[in-house]
Amino acid sequence: MSRPVIGISTYQDPARWGVWEMPAVLLPAAYPRLVRAAGGLAVLLPPDEAADAARETVAALDGVVIAGGADVEPARYGAAPDPRTGPPARERDAWELALIEAAIELHVPLLGICRGMQLLNVALGGTLHQHLDGHTGGHAVFGGHPVDPVPGTAYAAAVPEQTTVPAYHHQAVDRLGTGLIASAHAPDGTVEALELPGRESLVLGVQWHPEMGEDLRVMTALVGAARDRSRAPGAAGAAAECVAG
């Protein structure tokens, strides 16, 4: 049985390997490992400036993951930058926003992780808190804190009990975007998961980093939704198209 094809967003940064130093498309290896462990086939999505590239890319996939990383530029949600907000990553913001919009339009299951959840909220008109304390373990160290699911949500269906999650972020959701609901909270009230209910396919964001832990259930929920979509009547599925092509 073919595994669903899950695309993961990447970003461009300078890198060095061997005798070379040049721009490279990067993604921490933990992301594709998590997709594979959850039963999916991981493919990396390098940024593309072409106007229709995001829609064409997403149409070839069974599911999409928007990875964590740099702060979202505050101008995207109509705010002035806080002094503690990191430098803008405008090209990455544009590419990942286009992937999110395409996934929602095409009903392709979507999972936003950390920055990816924040960007999902911004894509639907929400805003962000630009700084909060207590959600890291220190500089370049993942922290851990409990997360409580909201009963009746898709997240709660996947993870029904309180869990301790690996976290590293200093920004968080403020005003929810149109149609989004909070589906998990930290003890301090921070929105730790959100989702878009009433959809044909899963649209979920989590504020923590499941790729840095042992719990597969969030990614398994995405892979399961992607598998269901690929089996739906009239849906060829990206995996089937890849084999046929």
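Residues numbered from 1 in each chain as written. Predicted model: local features only at pLDDT ≥ 70, side-chain atom pairs only at ≥ 80, totals over all residues. Heavy atoms only, no water.

Going by the annotation in an unreviewed UniProt entry, the name recorded for the protein is Gamma-glutamyl-gamma-aminobutyrate hydrolase family protein, with Streptomyces microflavus given as the source organism.

Here we look at the pairing of strand β8 (residues 143–149)
Bridge analysis of β8 against strand β9 (residues 163–167) gives 5 bridges, and the strand direction is antiparallel. Bridging from a neighbouring strand, V147 pairs with T163 of β9. Two elements, β8 and strand β11 (residues 181–185), share 2 bridges in a ladder whose sense is antiparallel. Within β11, the residue paired with D148 across the bridge is H185. (Pairing = 2+ DSSP bridges. Helix = DSSP H or I, 4+ residues; strand = E, 2+ residues; numbered from the N terminus.)

Quick look at the packing of helix α3 (residues 90–106) against helix α4 (residues 115–123)
The description of two packed helices rests on the angle between their axes and on the distance between the axes. Relative to each other, α3 and α4 sit at 70°, their axes nearing to 10 Å. Relative to α4, the element α3 is oriented roughly perpendicular. The element α3 and its partner α4 pack so that their crossing is right-handed. Between α3 and α4, the contacting residues are R92, D93, E96, L97, I100 and I104 on the first element and R115, G116, L119, L120 and A123 on the second. A breakdown of the residues in the contact of α3 with α4 according to their chemical character gives 6 nonpolar, 1 polar and 4 charged. (Axes fitted to C-alpha atoms, helices over the stretch in contact; angles between N-to-C directions. Parallel < 35°, antiparallel > 145°, perpendicular 65-115°, else oblique. Left-handed = near helix turned anticlockwise from the far one by under 90°. Contact = heavy atoms within 4.5 Å. Nonpolar A, V, L, I, M, F, W, Y, C, P; charged D, E, K, R; others polar.)

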